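# Structural characterization, general
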Amino acid sequence: MAEIMYWEAIRRAHDEEMARDPMVICMGEDIGVAGGTYKATKGLYEKYGPLRVIDTPISENGYTGLGIGASFLGVKPIIEIMSVNFAWLAMDQIFNSAAKVRYMSGGQLSAPVVIRAAGGAAHQLGAQHSARMEKVFMGVAGLRVVTPSNPKQAYGLLKSAVRSPDPVYINEHELMYNMKGEVPDEEYFHPLEGSEVTRPGTDVTLFGYNISVHWCLKAAEILAKQYNISAEVVDLYALAPLDREGIRKSVAKTHKAVIAEEDEAPCGVGSEVMAIINEECFWELDAPPVRVHSALVPQPYAHNLEKATIPDHEDVVKAVLKLFGKA
Amino acid sequence: MKLKDRKRVLREMVLARRFEERCYQAYIERKIGGFLHLYPGQEACCYGVMEAARPGFDYVITGYRDHVHAIKCGADPKAVMAELYGKETGCSKGRGGSMHIFDVAHRFMGGYALVGGPFPLAAGMAKAIQMKGGDEIAICFLGDSANNQGTFHETMNMAALWNLPVLFVCENNLYGIGTALHRSTAVVDQYKRVCAYGIESDVCDGQDIEVVLEHAHKAVEYVRSRQGPYFLELKTYRFRGHSMSDSRGYRTREEEEQWKQRDPINILRDRMIAEDKYTMAEFEALEKEIDHYIEHEVIKFAEESPDPKVEELTKYVLAD
């Protein structure tokens, strides 16, 4: 088991899948000759050539639609959208074509594309380059949405996404590409559904996904050491479909829940997890669940304002203490 | 065209016309719901191009005025009508409706309801064809107003850049819903708009199928021999409104009457009659026979087919 970076894990999954199947291609802005903004496709252009590693024009809706059309005929495109903010321009093709074509054709046609996008607030990127849009994708029938919190998941989820007969949206995070973690040396496929108990606990469940899993883990550490609270961390790496049973099981065990997300609160992952808790295990609760989320503002540029907008592990700790009547 | 082919295609166009007129009636009777965009007036466009291409072999994609394109590719008119009736036997199993007719077995890759949406999908299919190395081409039939979408420009650029085997057929019926072309579009000649991307293009009358066929042969040959993408503009007219709730206040009855003088079915029929190769009596018998077929087979099938099962509501959202 080697320790590699998040971007290396994604690159390895690309490479293995492209070596295995000549119909697997990748496309996006700057992914070929330039090697990819986050290096996720580094060296692939040299190895597989311009017909399979396609530097696209800056035409998000166009090239996403082109990838979807190619998938109709058995090509397996891995489409990189450089920043999730640009995915808004491709929403027409993702939602109207990829997500709906299987249904509206009565199962005759499908669009098994993989769409990877880097999202999240990085360092002072401002209002139009800091979006977290997973909540938009997860509400659309016909799409699978996954979001890796570590290199192993980044590798295994992309591998599974390429093999999936459904369109899969993979939500990555700009701050996580250089994160290190262990990835199996042998081929590994991560399930596209379910959730993972990353740290078992008994007193409260901290639900996170992608970067917020790390806030939860850090918060759990502090809660254990300083407050003698045993927090269970559940990694919701699959956002669509959400793991209702996994959510229920953990809440039935701890009877308290905090949901941490980098996105704004309205209609978000937190809202949805809370609704599931209500529907699945309301009577297991000892206290109302609490959400940790960003402020509802277009991302500000100024460093102090940005910091005030985006939550972190301290906000998770505060939320737990509030839940325990200690704050 | 040879007489045999003329007669065959006349028959096909009459079927398309009567099919669509019967849809109109079924819509009034509330047998068909939703939106319904009918094709009468434009038949020579689809039939002319597809006579030059290979229906069932080449991949065809279009917008929401899609019934006739599906039928020409090989879809069973019964399955198309059943789809409009929302039945399980419909060609999209009642999940699609008028705007989403699919028959993938015949390589009719669907009707899509976002104006301009199929442009990149068509180019993508061409990309797949290019990778697989087959002899097929992708054909994208859309209207004039689709050319005002960003997808038009984005796709023309990529199709030219990567030399994709795709034929774009622009059925220019002069109106985008209820707005005249010259009121929405700075350059009215659509074939000129692709010059900016270095794409070969042509324009011709879309009412005379033999004219369309001649130009389409050139276009199809160009794309099939892998010289690049191609854009063919056909000047045509839809006799009915954009959809069913359309009072046609944006155009005059005189203009409509002028175009009806150029009915694609009558043009072919009258030419054959003028050449003493066909008679009005034959044509009347043909219409009668086709009406009988539509009533007693197509409509009957749609009427008698079962509804989709409500228990299967979520089938086809994701793969099983």
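Residues numbered from 1 in each chain as written. Chains lettered and ligands numbered in written order. Predicted model: local features only at pLDDT ≥ 70, side-chain atom pairs only at ≥ 80, totals over all residues. Heavy atoms only, no water.

Another point: the overall build of chain B. The helix and strand inventory of chain B stands at 11 helices and eight strands. Relative to its length of 320 residues, chain B is compact, with a C-alpha radius of gyration of 19 Å against a globular reference of 20 Å. Within chain B, the proportion of its 320 residues that are buried is 56%. Partitioning the intrachain contacts of chain B with sequence separation of at least 6 by distance along the chain shows that 74% fall at a separation of at least 24. For chain B, the exposed area adds up to about 12,700 Å²; of that, 51% sits on carbon and sulfur atoms. Taken as two groups, the 42 positive and 49 negative side-chain charges of chain B have centres that lie 1 Å from each other. (Helix = DSSP H or I, 4+ residues; strand = E, 2+ residues; numbered from the N terminus. Rg over C-alpha atoms; globule rule 2.2 N^0.38 Å. Buried < 20%, exposed > 50% of the residue type's maximum accessible area, 1.4 Å probe, protein only. Contact = heavy atoms within 4.5 Å. Areas by Shrake-Rupley, 256 points an atom, 1.4 Å probe, with all protein chains shown as cover. Lys, Arg positive; Asp, Glu negative; His and termini not counted. Charge placed at Lys NZ, Arg CZ, Asp CG, Glu CD.)

Attention shifts here to the domain arrangement of chain A. All names here are of chain A. With domains assigned, chain A is organised as domain 1 (2-183) and domain 2 (196-323). Taken together, the 30 residues of domain 1 in the interface contact 30 residues of domain 2. Between domain 1 and domain 2, a total of about 2,300 Å² is buried, with carbon and sulfur atoms accounting for 51% of that surface. Of all residues in domain 1, Q124, R132 and K135 bury the most surface against domain 2, accounting for 31% of the area lost on that side. (Domains from an automatic or database assignment. Buried area = accessible area lost by both parts, 1.4 Å probe.)

Quick look at the environment of R269 of chain B now. Residues and elements named next belong to chain B. For R269, the position within the fold is in helix α10 (residues 264-274). If sequence neighbours within four positions are ignored, R269 has contacts with L10, Y278, M280 and F283. Within the structure, the side chain of R269 is placed 2.9 Å from the side chain of D270, a separation counted as a polar contact. (Polar contact = N/O pair within 3.5 Å; in protein donor to acceptor, adjacent residues only side chain to side chain.)

On to the interface of chain A and chain B. A common way to report how large an interface is uses the accessible area buried once the components associate. The interface is formed by 41 residues belonging to chain A together with 40 residues belonging to chain B. Buried area between chain A and chain B, both sides added, is near 3,200 Å², and the carbon and sulfur share of it is 72%. By the criterion of area lost to chain B, the three top residues of chain A are L73, Y103 and M104 of chain A, representing 24% of everything that side buries. On inspection of chain A and its partner chain B, the count reaches zero salt bridges. Within the residue set of the side of chain A that touches chain B, elements represented by two or more residues are β3 (53-55), α3 (60-72), α5 (91-98) and α6 (101-104) of chain A. (Salt bridge = Lys/Arg side-chain N within 4 Å of Asp/Glu carboxyl O.)

Before going further, it helps to spend a moment on the packing of aromatic side chains. What the rule picks out here adds up to 13 aromatic pairs over all chains. Pairing F95 of chain A with F137 of chain A gives two aromatic rings, centres 5.8 Å apart and planes at 85°, and the pair type is edge-to-face. Residue F95 of chain A is found in helix α5, and its partner F137 of chain A is found in helix α7 (residues 134-137); the two are separated by 42 residues along the sequence. When sorted by exposure, F95 of chain A lands in the same class as F137 of chain A, which is buried. With a centroid separation of 5.0 Å and an interplanar angle of 85°, the aromatic rings of F282 of chain A and W283 of chain A are classed as edge-to-face. By relative accessible area, F282 of chain A is classed as partly exposed at 40%. A relative accessible area of 80% means that W283 of chain A is categorised as exposed. Three or more aromatic residues joined by ring pairs form one cluster here, namely F119, F152, F168 and F231 of chain B. Across from the ring centre of Y24 of chain B, 3.7 Å away, lies the NZ or CZ of R240 of chain B, which sits over that ring. (Phe/Tyr/Trp six-rings, centres within 6.5 Å; stacked < 30°, edge-to-face > 60°. Lys NZ or Arg CZ within 6 Å of the ring centre and 35° of its normal.)

Another point: the side chain of N171 of chain A. Structurally, N171 of chain A is set in strand β7 (residues 168-173). Here Y169 of chain A takes part through its side chain, which lies 3.4 Å from a polar atom of the side chain of N171 of chain A.

Residue and element names in this part refer to chain A. One way to put it is that α3 packs onto α5 with a least axis distance of 8 Å and a crossing angle of 25°. By the criterion of interaxial angle, the relationship of α3 to α5 is roughly parallel. On α5, the residues that touch N61, T64, G65 and I68 of α3 are M91, D92, Q93, I94, S97 and A98. (Axes fitted to C-alpha atoms, helices over the stretch in contact; angles between N-to-C directions. Parallel < 35°, antiparallel > 145°, perpendicular 65-115°, else oblique.)

A few words now on the pairing of strand β11 (residues 231-235) of chain A. All names here are of chain A. Counting buried residues along β11, five of its five residues qualify, which places the element largely inside the surrounding structure. The alternating pattern of β11 places A231, V233 and D235 and E232 and V234 on opposite faces, both of which are buried. Examined bridge by bridge, strand β9 (residues 196-199) and β11 share three bridges and lie antiparallel to one another. Within the sheet, the bridge partner assigned to E196 lies in β11 and is D235. Pairing analysis gives five bridges linking strand β10 (residues 204-208) to β11, with the strands arranged parallel. Within β11, the position partnered with F207 by the bridge is V234. Chirality of the crossover, the property in question, places the unit of β10, helix α9 (residues 211-227) and β11 among those that are right-handed. (Pairing = 2+ DSSP bridges. Right-handed = clockwise from strand over helix to strand, strands pointing away.)

With that settled, consider the pattern of salt bridges. Taken as a whole, this structure holds 55 salt bridges over all chains when the rule is applied. Of the charged contacts, one joins K159 of chain A and E187 of chain A as a salt bridge, the two residues approaching to 2.6 Å between their closest N and O atoms. In this pair, K159 of chain A is assigned in helix α8 (residues 151-163) and E187 of chain A in the loop between β8 (180-183) and β9, connecting sequence segments 28 residues apart. Overall, K159 of chain A belongs to the buried group, its relative accessible area being 0%. Residue D263 of chain B is joined to R17 of chain B by a salt bridge in which the shortest nitrogen-to-oxygen separation is 2.8 Å. Separated by 246 residues along the polypeptide, D263 of chain B in the loop between α9 (253-260) and α10 and R17 of chain B in helix α1 (residues 3-28) bring together distant segments of the chain. Considered together, D263 of chain B and R17 of chain B belong to a single accessibility category, that of buried residues. Linked through salt bridges whose partners overlap, the residues forming this network are R12, E16, E17, R20, K159, R163 and E187 of chain A.

Our focus in this paragraph is the sheet that holds β7 of chain A. Residues and elements named next belong to chain A. The mixed open sheet is built from seven strands, whose spatial order is β3-β2-β4-β5-β7-β6-β12. Two strands close off the open sheet at either side, each with one partner strand: β3 and β12 (238-240). Here the strands of the sheet are splayed against their neighbours by 20° on average, with no regard to which way each runs. Bridging between strand β2 (residues 24-28) and strand β4 (residues 76-81) involves five bridges; their strand directions are parallel. Of the residues in β4, the one forming a bridge with M27 is I79. On top of the sheet, α3 reaches β2, β4 and β5 (114-119); it is set at about 165° to β4, its chief contact.

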